Amino acid sequence: MGPLLLVLLYPLSCVSGLPFYNGFYYSNNPSSWNSHGEGIFNGVKLVVETPEETLFSHPGANVTLPCRYHYEPAPLSPRPVRIKWWKLSENGAPELDVLVAIGLRRRTFGDYRGRVRLREDGEREASLQIQDVRLEDSGRYRCEVIDGLEDESGLVELELRGVVFPYQHPRGRYQLNFHEAQRACEEQDAVVASFEQLFRAWEEGLDWCNAGWLQDASVQYPVMRARQPCGGLGLAPGVRSYGPRHHRRHRYDAFCFAPALRGQVYYLELPEKLTLAEAKEACREDGACIAKVGQLFAAWKFRGLDRCDAGWLADGSARYPVVHPRPNCGPLEPGVRSFGFPDPQSRGYGVYCYRRR
């Protein structure tokens, strides 16, 4: 029975249409199989190493996702492997292929074409280099090394430095379905935040009672101080969840994630207040453009922008950033204060401008 089984398996190993085919051929000599039908390569353990800590970067930067592999014990001769990188999904969508390498052959996919490559400055190196990092590159990546019938993999998490902020439609609370929330965040130079980003923001002190969409199409909100209008007094602080909601029918606010700035946000010093249209024109005349909400939050978070003067922003809202709370400057806690969406024709505000570097 044993020899007959080996005879039947031997020709099948060369048929690429079979489900288990992976493009690699190992010893076709039946003498390389032991009495249990196992290949001699099974005596060598494949080990893939990736970092446990999260990697941080920012848009426009270059970053390397470390991944190396080795064998225990070391083989006597080099062995061909297949290396694959892909990005894990955050919201149930299909995983994204990033790069596949077999020997000297390389293939990259989608938006990663022209931006990714393997680092090849060492033996058994499988690290992925990403150029011109984008907001959507944030997430978890899997590095897989396939050696014949054996494969091992490791995870690498890439996080962009940024700030999470709640965002409402100009008409008020709970006006956005999931797709509108995505567009609203993009218009403010941001993306819809992931749960991990919201949770980190909660750990840093974000407290907000209005529920908002997250990247996985769930609706949640962070609470630091339990109170009646915010889920009740009996619940401990934490991130409250409404669970997944219907993408089109249900409407909430949004939690957006804005990356660290590459430019400068500043309050434009002028002798008089402006309408919204005048504010936009004043920034243009100063060689800049009117700032977006995400840019103002990032300047507050990472550049220490601190100003008590309310100014127009690109979405028609009026806000101001406070790093050091003080009398006559709003609540006694740091944050970005909002006056909502005033009449665009009112001349009650200055303007915050953004200049690219």
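In what follows, the structure referred to is the one given above.
Quick caveat: nothing in here was measured; it's all calculated off a predicted structure.

(A) Structural context of the state of the cysteines. All chains considered together, the criterion is met by five disulfides. The disulfide partner of Cys283 is Cys353, and the S-S distance across this bridge is 2.0 Å. Handedness here is read from the sign of the S-S torsion; for Cys283 and Cys353, about -80 degrees, the answer is left-handed. Of the two residues, Cys283 is situated in helix H4 (residues 276–285) and Cys353 in strand E23 (residues 350–355); the sequence distance between them amounts to 70 residues. The buried category is assigned to Cys283, whose relative accessible area is 0%. For Cys353, a relative accessible area of 0% corresponds to the buried category. Cysteine pairing for the protein chain (bonded cysteines numbered in sequence order): 1-2, 3-6, 4-5, 7-10, 8-9. No disulfide involves Cys289; its nearest neighbouring cysteine sulfur is the one of Cys283, lying 7.3 Å away. Overall, the relative accessible area of 37% leaves Cys289 in the partly exposed class.

(B) Looking closely at the nonpolar core. Leu65, Tyr69, Trp85, Ile130, Val265, Val351 and Tyr352 are the most contacted members of the largest nonpolar core, which has 94 residues in total. With six residues, the top contributor of residues to this core is helix H5 (residues 293–302).

(C) Structural view of the packing of aromatic side chains. Across all of its chains, the model carries 15 aromatic pairs by this definition. Each residue in the set Tyr174, Phe178, Trp213, Tyr221, Tyr242 and Tyr252 is aromatic and connected to the rest through ring pairs, giving one cluster. Just above the ring of Phe56 sits the side chain of Arg161; from NZ or CZ to the centre is 4.5 Å.

Cut-offs used in this document
Residues numbered from 1 in each chain as written. Predicted model: local features only at pLDDT ≥ 70, side-chain atom pairs only at ≥ 80, totals over all residues. Heavy atoms only, no water. Disulfide = S-S within 2.5 Å. Helix = DSSP H or I, 4+ residues; strand = E, 2+ residues; numbered from the N terminus. Buried < 20%, exposed > 50% of the residue type's maximum accessible area, 1.4 Å probe, protein only. Core = buried A, V, L, I, M, F, W, Y, C linked by side-chain atoms within 4.5 Å. Phe/Tyr/Trp six-rings, centres within 6.5 Å; stacked < 30°, edge-to-face > 60°. Lys NZ or Arg CZ within 6 Å of the ring centre and 35° of its normal.

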